[in-house]
Amino acid sequence: MVRQLGELENDIMTRVWQWNRPVTVREVLQDLRSEREIAYTTVMTVLDKLFRKGWLRREQVGRAYVYEPVSSREAYTAALMNDAWATSDNPAAALVHFFGLMSPEQREALRDALRVTALAPPDSGPEGDPGETGSA
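Predicted, not measured: the structure shown is a model, and the values here were computed from it.

### Digging into the packing of helix H1 (residues 7-19) against helix H2 (residues 25-32)
- The geometry of H1 relative to H2 is characterised by a closest axis approach of 11 Å and an angle of 110 degrees between their N-to-C directions. When the axes of H1 and H2 are compared, the pair comes out roughly perpendicular. You can see that H1 and H2 cross each other, and the crossing is right-handed. Across the interface between the two elements, Leu-8, Asp-11, Ile-12, Arg-15 and Trp-19 of H1 pack against Glu-27, Val-28, Asp-31 and Leu-32 of H2.
- Its residues placed into classes, the contact of H1 with H2 shows five nonpolar, no polar and four charged.

Okay, structure coming up:
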């Protein structure tokens, strides 16, 4: 189960995902300070926690670490959605409600995603066993 990021964790990960390059504590700190008062040690601690939780990888460059994401924002969002869906007693009904909440643009994005996944070979998914016949 994927744990939702806390507010500061999310603010930091959003920057790391958007910048799409290795970042230093100082870079994140300077950007966060445009929105709030925050200490260097606070940002350093949160980046270290995100590293220990597996959200970031880091490499030492000189005396400092540079951090970069292990996976994308989209992968994180998909994992949260999957976890939320898995908690439902009636997954089909949950999907119907979810689709009902979508904007027309979101529904079009869903159609596009379904077209892309329809192009993938049937046995490429996590559930498909190449030996199954698919009959019910």
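### Structural notes on the pairing of strand S2 (residues 64-69)
- Pairing geometry for strand S1 (residues 56-61) and S2, over six bridges, is antiparallel. In the strand pairing of S2, Arg-58 is matched with Tyr-67.
- Linking S1 back to S2 in an antiparallel pair, the connection comprises two residues, with Gly-62 at a positive phi of about 70 degrees.

### Some words on a nonpolar patch on the surface
- Together, Met-81, Phe-98 and Phe-99 give the surface a local cluster of nonpolar side chains, amounting to about 270 Å² of exposed area.
- Along the chain, Phe-98 falls in helix H5 (residues 91-101).

### Things to note about the pattern of salt bridges
- Per the stated rule, a full pass over the model turns up eleven salt bridges.
- The partner of Glu-27 in a salt bridge is Arg-21, with the nearest N and O atoms 3.0 Å apart.
- Residue classification places Glu-27 among the partly exposed positions, given a relative accessible area of 26%.
- One salt bridge connects Glu-108 with Arg-115, and the closest N-O pair in it is separated by 3.4 Å.
- Looking at Glu-108, the relative accessible area reads 36%, which means it is partly exposed.
- The partly exposed category is assigned to Arg-115, whose relative accessible area is 47%.

Rules and cut-offs
Residues numbered from 1 in each chain as written. Predicted model: local features only at pLDDT ≥ 70, side-chain atom pairs only at ≥ 80, totals over all residues. Heavy atoms only, no water. Axes fitted to C-alpha atoms, helices over the stretch in contact; angles between N-to-C directions. Helix = DSSP H or I, 4+ residues; strand = E, 2+ residues; numbered from the N terminus. Parallel < 35°, antiparallel > 145°, perpendicular 65-115°, else oblique. Left-handed = near helix turned anticlockwise from the far one by under 90°. Contact = heavy atoms within 4.5 Å. Nonpolar A, V, L, I, M, F, W, Y, C, P; charged D, E, K, R; others polar. Pairing = 2+ DSSP bridges. Patch = residues over 30% accessible without salt bridge, like charges linked within 9 Å, V, L, I, M, F, W, Y side chains within 5 Å. Areas by Shrake-Rupley, 256 points an atom, 1.4 Å probe, with all protein chains shown as cover. Salt bridge = Lys/Arg side-chain N within 4 Å of Asp/Glu carboxyl O. Buried < 20%, exposed > 50% of the residue type's maximum accessible area, 1.4 Å probe, protein only.

Read these as layout, nothing more, since geometry by itself doesn't imply function.
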